[in-house]
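Structure at a glance
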Amino acid sequence: MHRVIRILLLAALLVAGVTGCDRADQATAPSAATATNTGGSKQGDLGPPQGEPIKAVLTSPPMVPPPTGRKAPAKVIVELEVIEKEMAISEGVRYTFWTFGGTVPGSFIRVRQGDTVEFHLKNSPDSKMPHNIDLHGVTGPGGGAASSFTAPGHASRFTFKALNAGLYVYHCATAPVGMHVANGMYGLILVEPPQGLPKVDREYYVMQGDFYTVGKYREKGLQGFNMESAIDEKPTYVLFNGSEGALTGDKALQAKTGESVRLYVGNGGPNLVSSFHVIGEIFDKVWYEGGTHFQENVQTTLIPAGGAAMMEFHMEVPGSYVLVDHSIFRAFNKGAIAILKAEGPEVKEIYSGKEVDETYIGDRAQSNLAAVATAAKSASAGALSVDEQVKAGQALFAGTCSTCHQATGQGLPGVFPPLAKSDYIAKQPSEIVHVVLHGLTGPVAVNGKTYDSVMPPMNQLTDDEIANIATYVLNSWGNPGGRVQKDEVAKHRKEVHPATAPKH
Amino acid sequence: MRAILLLACLAPLAALAADPGYVRVPGGDFTTTLQYEDIRGASRVATFEMMARPVTNAEFRTFVQRYPQWRRDRVPGVFAGNGYLDHWQGSLQLSAGAQGSQPVTRVSWFAAKAYCDAQGARLPRWLEWEYAAAADGSRRDARRDAAWRDRILQWYAQPASRPLPAAGTTAANVYGVRDLHGVVWEWTDDFSSMLVTSDNRTQGDPDRNRFCGAGALSVADREQYAVLMRVALLSSLEGRDSTSTLGFRCVREVQ
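None of these values were measured; they are calculated from a predicted model.

Attention now goes to the overall build of chain A. Of the regular secondary structure elements, chain A holds twelve helices and 23 strands. Looking at chain A residue by residue over its 504 residues, the buried ones come to 48%. If you take every contact in chain A between residues at least 6 apart in sequence, the share linking residues at least 24 apart comes to 68%. In the structure as shown, chain A presents an accessible area of about 23900 Å², 56% of it carried by carbon and sulfur atoms.

Written out as C-alpha cells, the structure reads:
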C-alpha cells in the first residue's frame, strides 16, 4: 500500500515537471503550442491599442463584416442602438421585437483579439423599456450588463479588452431577462484570433431563437408575448433570423459551386438547444462552441442557448440546401428553416440526381434479388420458365407480402388469412392477381374461418412482379400450381372496379 | 370670513388647469411586490386622494406659462435634460404629436414635482402608486389574476412610436382612477431610492454596498414581473431625465 502511494507521488512529480517544461516551451515557441493551447485570457492581452481609433463595421444579418485584417491591437468603437419595433414574425403575423440595431438577431460585431473595444449602447428615444447588453466575449462581471443599463433616449459607454478569441453571443440582461431575450435581443460578436481566420469565399450570419406568442402558430394579426408558455418552454415559433422566411425564397443565402462557405451560427434561446444541421451538406469543419479548435466531417452540431459555432463547407453540387434545427418538428411545424442556394453546373459523378424511380421492396429481399434479375433477363429473352418465376416471386414475396401473410404463407390467425393450402385460391386461382392489384376489404372466408380486415392495393408492383408473386404462391404450400403471365396481370390492372370481398 | 377670502385669493391658482379631479383612495394594509430590507409583510397605506388621470399637455402648458422657469428654453439643465418637452412645437406651443388631451410626457422628475407642488399636492410615493394600481374595475387587489397581468403586458408589447391615447380614456378602477396601466409610465416621488440592481441576474448575491436602508430592494414575487419592469424603468432614470412614454400624476394627503 505504501509503495503504491510512493509511486503515485513520483508520477505526480514527473507530471508536474513535464508541465513545467511545456510552459517554458510555450513561452519561447508559441507557434508550436497554439495547436493545442492558446493560453486563454492570461495571454490574450496583446498590448496597448495602436494607431487611431477605428469605428467598427456593423452588419445586419445574414451579412458578416469583412475580416479586420489588422496585425496589431487597436481601439475599436462600437455604436449599437436598441430599437423596439413591430415586424413580421410570419406571413401576416406581427410581433413587437426588441432589437439591437433594428434586426433580429442584432448587428454582427467583428473585432480582433487584443482589441480595446469602446462600446456605446444607445436606447432609442422611442423605446419604452430600459435595456443593457451582456457580451459573452467580455471579461468582467455581468459582461457589461451593469455598466450599460440605459433608459429610453439615453446612451451609455463602457470599455473592455477582448482577451479571448472566439464567436460569442451578446444579449440584453435587463429584468425580466428571459422576456428581453425572447423578444429578440441577441446577436453575435466575433473576436478573431490574432492570425485571423482561414480565408473563405462566403460568410453568413444565422441565429436561432425561440418565440412565444399568445396566438397559435401562424395565427394572423399582432401577437403579444406569452410569458406562461415561455416559462413552460413551449415555443410557438423556432426561427432562424427572427422570422419565418427570413432566409428562404428570394432571401435565401447564395453561393456558387466550387466556393467555400463559413456560417457563423448562434443560438439566442431563450430556452431551446439547437441541433443544427444542413440537409445535403457535411460540415468539413466545425469550430464547435465557437471556440479555437475544429472538428472535421460533422453532420449535426449542437448549439446551446447562449452559445455559437462556426462551420465551414465546400460547395460541390448545385441546388438548395436546407438549414434546420434537426429537432425536426421545430423545422417543419415551428419555422426553423433556412435555405442556402448553390448555383453552378451539375456534377453527376458526385451526385447523380434521380437515376432510377422504382419501388423499394424492402431489405428482406435484398440478398435474393438476384433471382428477380435472372427472371427479368429471361423474360426479356422470351424464355422465362416457371421455376425462374417461382424463385423471383419468392424473393419479391419476402419483401412485400410476408410481413402480413408470413414467409410460411400461414398468415396470422384471426387477422391475416393464410395463403397456404387455401380453399379461396383453389376455388379461383386468378383471384390472386386481382387481390394484389386492387386490394381486398371486408369479410372473407378462408379455410372455414372468416377474416374481416383490409389489404391495400399493391398496384405499385409491376406486371412482371405480380405475375412472379402469383406464380410463386400458386406453386407453394400445397396450392394447386399453375402459372400467371404478365399479360394476364395487365388485363386485371385495367379493371377499375374497387376491391371488395367477392361474392361466393 | 377671513379664511374664505383667503381661499378666494387662492382660487385662481387652483384653477390653473382644468381640474383633472382627485378621487379618494381609502387606506388599507398592502403587501408590496418589492422586497424592502426594512419592511416585512403588509404596510399600512394612509388614505390619500389621487388624480383620476395623468396630467395632460394642455395642463402642463398652463403650468409652464405661469412658471416660465420651467419652459424648455429656460429650464436649467440640471433640472431637465435634453429631451425635455422637445415634442412640443415651441416652448409654449403644442403640436400634432403632443395634443392637449394627451398625457404630458418628456417631463423630468423635477418638473413633475414642481407641477404638483404648485397644485398644493405632491407626487405619489411608490407604495401609494402600487396600491392604487393593484386594483381593477371590481377589486382593490387584482394582482393574483393572470388576466390583469396580461393586460399590463399587452401595453409593454406595443412600441412607443404609436400615438398616445387621450388621458382618462381607459376603464376606471374600483377607486375611479384611470390610466394607471396601459398609457404611460409615471414618476413617483421616491423613484431615486428604488435602486434595483441593473443586472438583476445576481440574485442572492446583490451588491450590498450599493444599498442602504429602504433603498435595498428586490422583487419578492417573481410572478409580478410586470411590476418589476416598471421599477426597472424608473431605476434606469435620473431626476433630470425624461422619455416619450413617461408622465406623471399628483396625489394629495387627506387631513
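Now that the structure has been shown, the text picks up again.
Before going further, it helps to examine the sheet that holds strand S17 (residues 295-298) of chain A. Residue and element names in this part refer to chain A. Read across the sheet, six strands follow the order S12-S10-S14-S19-S16-S17 without closing on themselves; strand pairing throughout is mixed. Either end of the sheet is taken by a strand with one partner, and the two such strands are strand S12 (237-240) and S17. Mean inter-strand twist for the sheet, computed between neighbouring axes without regard to direction, equals 25°.

Within this structure, the stated rule accounts for 30 salt bridges over all chains. In this structure, Asp 115 of chain A engages Arg 70 of chain A in a salt bridge whose closest nitrogen and oxygen atoms are separated by 2.9 Å. You can see Asp 115 of chain A sitting in the loop between strand S4 (109-112) and strand S5 (116-123) and its partner Arg 70 of chain A sitting in the loop between strand S1 (54-55) and strand S2 (75-90), a full 45 residues away along the chain. Accessibility classification places Asp 115 of chain A together with Arg 70 of chain A in one group, the buried group. Across the pair Arg 53 of chain B and Glu 59 of chain B runs a salt bridge whose closest N-O atoms are separated by 2.8 Å. Per residue, the accessibility class of Arg 53 of chain B equals that of Glu 59 of chain B, and both read buried.

On to the packing of aromatic side chains. A complete count under the given rule lists 34 aromatic pairs over all chains for this structure. On the basis of an interplanar angle of 70° and a centroid distance of 5.4 Å, the ring pair of Phe 108 of chain A and Tyr 264 of chain A is categorised as edge-to-face. Of this pair, Phe 108 of chain A sits in the loop between strand S3 (93-100) and S4 while Tyr 264 of chain A sits in strand S14 (residues 260-269); the two residues are 156 residues apart in sequence, bridging distant segments of the chain. The buried category is assigned to Phe 108 of chain A, whose relative accessible area is 0%. For the ring pair Phe 240 of chain A and Phe 276 of chain A, a centre distance of 5.8 Å and an interplane angle of 90° mean the geometry is edge-to-face. Here Phe 276 of chain A lies in strand S15 (residues 274-279) and Phe 240 of chain A lies in strand S12, a separation of 36 residues in the sequence. Members of the aromatic cluster, each reached through a chain of ring pairs, are Phe 60, Phe 63, Tyr 67, Trp 88, Tyr 115 and Phe 248 of chain B. Over the ring of Phe 294 of chain A we find Lys 285 of chain A, and its NZ or CZ is 4.7 Å from the ring centre.

Before going further, it helps to examine the side chain of Asn 479 of chain A. Assignment of secondary structure puts Asn 479 of chain A in the loop between helix H11 (463-474) and helix H12 (486-494). A polar atom in the side chain of Asn 479 of chain A sits 3.2 Å from the backbone nitrogen of Ser 422 of chain A.

So, about the interface of chain B and chain A. At the interface, 28 residues of chain B touch 28 residues of chain A. Across the chain B/chain A interface, buried area totals approximately 2400 Å², and carbon plus sulfur atoms make up 61% of it. Across the chain B-chain A interface, the total number found is zero salt bridges. Taken together, chain B and chain A are joined by four residue pairs in polar contact (both at pLDDT 80 or more).

Moving on, we come to the packing of helix H5 (residues 146-156) of chain B against helix H6 (residues 225-235) of chain B. In a pair of packed helices, the angle between the axes and the distance between the axes together describe the arrangement. Residue and element names in this part refer to chain B. Across the interface, H5 lies against H6 with an axial gap of 9 Å and an inter-helix angle of 40°. Between H5 and H6, the crossing angle belongs to the class labelled oblique. Across the interface between the two elements, Ile 152, Leu 153, Trp 155 and Tyr 156 of H5 pack against Tyr 225, Ala 226, Met 229 and Arg 230 of H6. Per-class residue counts for the contact of H5 with H6 are seven nonpolar, no polar and one charged.

Here the focus is helix H7 (residues 386-400) of chain A. Across its 15 residues, H7 of chain A extends 20 Å between first and last C-alpha, which sits within 8% of the 21 Å expected from 1.5 Å per residue. Listed in full, the buried residues belonging to H7 of chain A are Gln 389, Val 390, Ala 392, Gly 393, Ala 395, Leu 396, Phe 397, Gly 399 and Thr 400 of chain A.

Residue and element names in this part refer to chain A. A cis amide bond links Val 104 with the next residue in sequence, Pro 105, at an omega value of -5°. For Pro 105, the position within the fold is in the loop between S3 and S4. In this chain, Gly 269 is followed by Pro 270 through a cis amide linkage whose omega measures 15°. Within the fold, Pro 270 resides in the loop between S14 and S15. For Glu 289, which is not glycine, the phi torsion reads 60° and is therefore positive. Relative to the helices and strands, Glu 289 is located in the loop between strand S16 (283-287) and S17. With phi around 50°, Asn 447 is a residue other than glycine that occupies positive phi space. Following the sequence through the fold, Asn 447 ends up in the loop between strand S22 (440-446) and strand S23 (449-455).

In this section: the state of the cysteines. All names here are of chain B. For the structure shown, the criterion picks out one disulfide over all chains. There is a disulfide in this structure between Cys 116 and Cys 250, and the S-S distance comes to 2.0 Å. Between Cys 116 and Cys 250 the sulfur-sulfur dihedral comes to about -85°; the bridge is accordingly left-handed. Of this pair, Cys 116 sits in helix H3 (residues 109-118) while Cys 250 sits in the loop between strand S8 (246-247) and strand S9 (251-253), placing them 134 residues apart in sequence.

If you look at the biggest cluster of nonpolar residues, it comprises 120 residues, and the most contacted ones within it are Phe 119 and Leu 135 of chain A together with Phe 60, Trp 187 and Phe 248 of chain B. Excluding residues within four positions of it along the chain, Phe 60 of chain B makes contact with Val 55, Tyr 84, Leu 85, Trp 88, Val 104, Val 107, Ala 111, Tyr 115 and Phe 248 of chain B. Core analysis: the next-biggest nonpolar cluster, separate from the first, contains 29 residues, Leu 272, Val 278, Phe 313 and Leu 323 of chain A among them.

Here the focus is the side chain of Glu 59 of chain B. Residue and element names in this part refer to chain B. Its place among the elements puts Glu 59 in helix H2 (residues 57-66). Look at Glu 59 and you get buried, because its relative accessible area is 4%. Within the structure, Glu 59 has its side chain in polar contact with the side chain of Arg 53 (distance 2.8 Å).

Thresholds, definitions, all that
Residues numbered from 1 in each chain as written. Chains lettered and ligands numbered in written order. Predicted model: local features only at pLDDT ≥ 70, side-chain atom pairs only at ≥ 80, totals over all residues. Heavy atoms only, no water. Helix = DSSP H or I, 4+ residues; strand = E, 2+ residues; numbered from the N terminus. Buried < 20%, exposed > 50% of the residue type's maximum accessible area, 1.4 Å probe, protein only. Contact = heavy atoms within 4.5 Å. Areas by Shrake-Rupley, 256 points an atom, 1.4 Å probe, with all protein chains shown as cover. Pairing = 2+ DSSP bridges. Axes fitted to C-alpha atoms, helices over the stretch in contact; angles between N-to-C directions. Salt bridge = Lys/Arg side-chain N within 4 Å of Asp/Glu carboxyl O. Phe/Tyr/Trp six-rings, centres within 6.5 Å; stacked < 30°, edge-to-face > 60°. Lys NZ or Arg CZ within 6 Å of the ring centre and 35° of its normal. Polar contact = N/O pair within 3.5 Å; in protein donor to acceptor, adjacent residues only side chain to side chain. Buried area = accessible area lost by both parts, 1.4 Å probe. Parallel < 35°, antiparallel > 145°, perpendicular 65-115°, else oblique. Nonpolar A, V, L, I, M, F, W, Y, C, P; charged D, E, K, R; others polar. Expected span 1.5 Å × (residues − 1). Disulfide = S-S within 2.5 Å. Core = buried A, V, L, I, M, F, W, Y, C linked by side-chain atoms within 4.5 Å.

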